[in-house]
Amino acid sequence: MTAARFQRLRQVLEFRQPDLTIVTDNVHKSRNLSAIVRTADAAGIGGMHCVIPDKDYKAFRGTAMGSHSWVKVERETDVTAALTPFKAQGYQVLAAHLGEGALDFREPDYTKPTVILMGAEKLGVSPAGCELADAFITIPMMGMVQSFNVSVAAGIILAEVQRQRQLAGLYRQCRLDDDVYQRTLFEWAQPKMSEYCRANGLAYPPLDEDGELLDGLGWQLAVREGRAPVELGRTSDV
């Protein structure tokens, strides 16, 4: 860990948007899901949800491990289970779907707590997903094709989301809870150490300004003597 790398990790966390996420509704091609994860990271999204069968999810996990280091991907059993908690918290669900009354994707206010719902490659958003959507959004097409590839569409929509949020100043200061920020920063900066702490029920030790343990030797001694602070392990949830 270099000082420059550590500062980059801090900057990325300060840009994270805890009230913005993506839900994919049976997008099963691993290359598309991986591209969506990378695009989510670029827009400041720290967590997304995938409704996907077991076989396709295993293939996806095998191709997106790098992206998974920065974006937490939760696998859901169905789109209703994925969306209901967000609806209960007051999020607007905007489905990328060419349905009746669909809005130009630039019209909604993305500064509100928002879920972007992306549908399957051929079938689009499922009937259950459409039922839970607050609005449909679409990207105007000027050629013969009727739609973009799902990962391309996600990128176009998230570019507009980022533009609106940037104009509103939502990237100017850290919006994460301090506990989530500090915990995630440690897990990113010290992945092996965080894994050890979680496996042994230990609290994460403090880091210095360069991302190294503030008192590494003292902490190791405390661990050997059973004096290190104990805490139930928790994983990052940004």
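Remember, predicted model here, so these are calculated numbers, not experimental data. (Residues numbered from 1 in each chain as written. Predicted model: local features only at pLDDT ≥ 70, side-chain atom pairs only at ≥ 80, totals over all residues. Heavy atoms only, no water.)

**Quick word on helix α8 (residues 178-189)**
The end-to-end C-alpha distance of α8 is 16 Å, a good match for the 16 Å that 12 residues give at a rise of 1.5 Å each. Of the residues making up α8, those classed as buried are V180, Y181, R183, T184, L185, F186, E187, W188 and A189. (Helix = DSSP H or I, 4+ residues; strand = E, 2+ residues; numbered from the N terminus. Expected span 1.5 Å × (residues − 1). Buried < 20%, exposed > 50% of the residue type's maximum accessible area, 1.4 Å probe, protein only.)

**Quick look at the pattern of salt bridges**
In the structure shown here, the tally under the stated rule is 10 salt bridges. Salt-bridge contacts for R16 lead to D41; the nearest nitrogen and oxygen are separated by 2.7 Å. Of this pair, R16 sits in the loop between α1 (3-15) and β1 (20-25) while D41 sits in helix α2 (residues 30-42); the two residues are 25 residues apart in sequence, bridging distant segments of the chain. Its relative accessible area of 26% is what places D41 among the partly exposed residues. A salt bridge links K87 to D134; its shortest N-O distance comes to 2.9 Å. Placement of the pair is K87 in helix α5 (residues 79-88) and D134 in the loop between α6 (127-132) and β7 (135-138), with a sequence separation of 47 residues. Each of D19, R165 and R175 takes part in one network of salt bridges that share partners. (Salt bridge = Lys/Arg side-chain N within 4 Å of Asp/Glu carboxyl O.)

**Brief notes about the UniProt feature "domain: RNA methyltransferase SpoU/TrmH type C-terminal" (unreviewed entry) in the protein**
Sequence positions flagged by UniProt for "domain: RNA methyltransferase SpoU/TrmH type C-terminal" (unreviewed entry) are, in local numbering, residues 163-214. Measuring from the first to the last C-alpha atom of residues 163-214 gives 38 Å, for a span that is 50% helix and 0% strand. (UniProt positions renumbered as here; feature names shortened; annotations may be inferred.)

**Overview of unusual backbone geometry**
The backbone phi angle of N26 is positive, close to 60 degrees, even though this residue is not glycine. Secondary-structure assignment places N26 in the loop between β1 and α2.

**Quick notes on helix α10 (residues 216-224)**
Buried within α10 we find G216, W219 and A222. In an axial view of α10, the angular spread of the buried residues amounts to 125 degrees, which keeps them on one side of the axis. Seen from the open side of α10, the exposed residues pointing more than 90 degrees away from its buried face are L217 and R224. Where α10 is buried, its residues meet α9 (191-199). (Arc of directions from axis to C-beta. Contact = heavy atoms within 4.5 Å.)

**With respect to the pairing of strand β4 (residues 92-96)**
Every regular strand shows the same layout, with side chains that alternate between the two sheet faces. Most of β4 is tucked away: four of the five residues are buried. In terms of strand pairing, β4 meets strand β6 (residues 114-119) through four bridges, oriented parallel. In the sheet register, L94 faces β6, and the bridge partner there is I116. Relative to β7, β4 runs parallel, the two being bridged by three bridges. Note on β7: the bridge partner recorded for L94 is A135. (Pairing = 2+ DSSP bridges.)

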